[in-house]
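Coordinate analysis (summary)
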Amino acid sequence: MRVTPGAWAVLAVLLGPGLLGLGPLRAAECDVSVSFIDFGRVDPEDGGEVTGEVAVLCEGPTRFRLALSPGMGDFQERRMRGPDGRSLRYNIYLDPARRTVWGDGLTAGTGRLVGRNDGRRHTILAVYGRVARGQRMVAGQYADSLVVAVEP
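Residues numbered from 1 in each chain as written. Predicted model: local features only at pLDDT ≥ 70, side-chain atom pairs only at ≥ 80, totals over all residues. Heavy atoms only, no water.

1. Considering unusual backbone geometry
For clarity, the cut-off: The numbering of helices and of strands both runs from the N terminus, where a helix is a DSSP run of H or I of at least 4 residues and a strand a run of E of at least 2.
Even without glycine at this site, aspartate 84 takes up a positive phi of about 55°. Of note, aspartate 84 is situated in the loop between strand S8 (77-81) and strand S9 (87-93). Positive phi is not limited to glycine here, since arginine 98 has a value of about 60°. Relative to the helices and strands, arginine 98 is located in the loop between S9 and strand S10 (101-102).

Structure representation (structure tokens):
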């Protein structure tokens, strides 16, 4: 998908029984892809935490910023929809302590994924997922739809 700098591109997100996938995206002069994040089986009492990767490869030396929409819910509490219209609270973070939500960078508590690529090999950046603990959930697939904005 080709998008001009600052444009938004819609990407589907599936988390079920725990997959998060943001497929390949081409924007500005960079290819961006997010690895699948597999929450596996999630214990309703304990929730679940995983780590994923974002890979960026540009046509030449480039600085970039990636913003992520709130999807269903808001930045502080994203929601996946599942069986019988049930929802599951989760979020995607920029830091291993899971304090900074990957968002638009403008809303309090959110930040953008920032990096630099040399144009020769992929820049790999980690992102961190968490399914909130103490939820009432039923077995099945849960999904959300997020939008990624790529800015050079």
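2. What to know about the state of the cysteines
Which entries qualify depends on this criterion: Cysteine sulfur pairs qualify as disulfides if the two atoms are within 2.5 Å. A simple rule labels every residue: compare its accessible area, found with a 1.4 Å probe on the protein chains alone, to the largest value its type can have, and call it buried under 20%, exposed over 50%, or partly exposed in between.
This structure, assessed with the given rule, holds one disulfide. Note that cysteine 30 is cross-linked by a disulfide to cysteine 58, the S-S spacing being 2.0 Å. The sign of the S-S torsion, about 95°, decides the handedness of the disulfide formed by cysteine 30 and cysteine 58: right-handed. With a gap of 28 residues between them, cysteine 30 in strand S4 (residues 30-38) and cysteine 58 in strand S5 (residues 48-58) connect regions that are remote in the sequence. For cysteine 58, a relative accessible area of 4% corresponds to the buried category.

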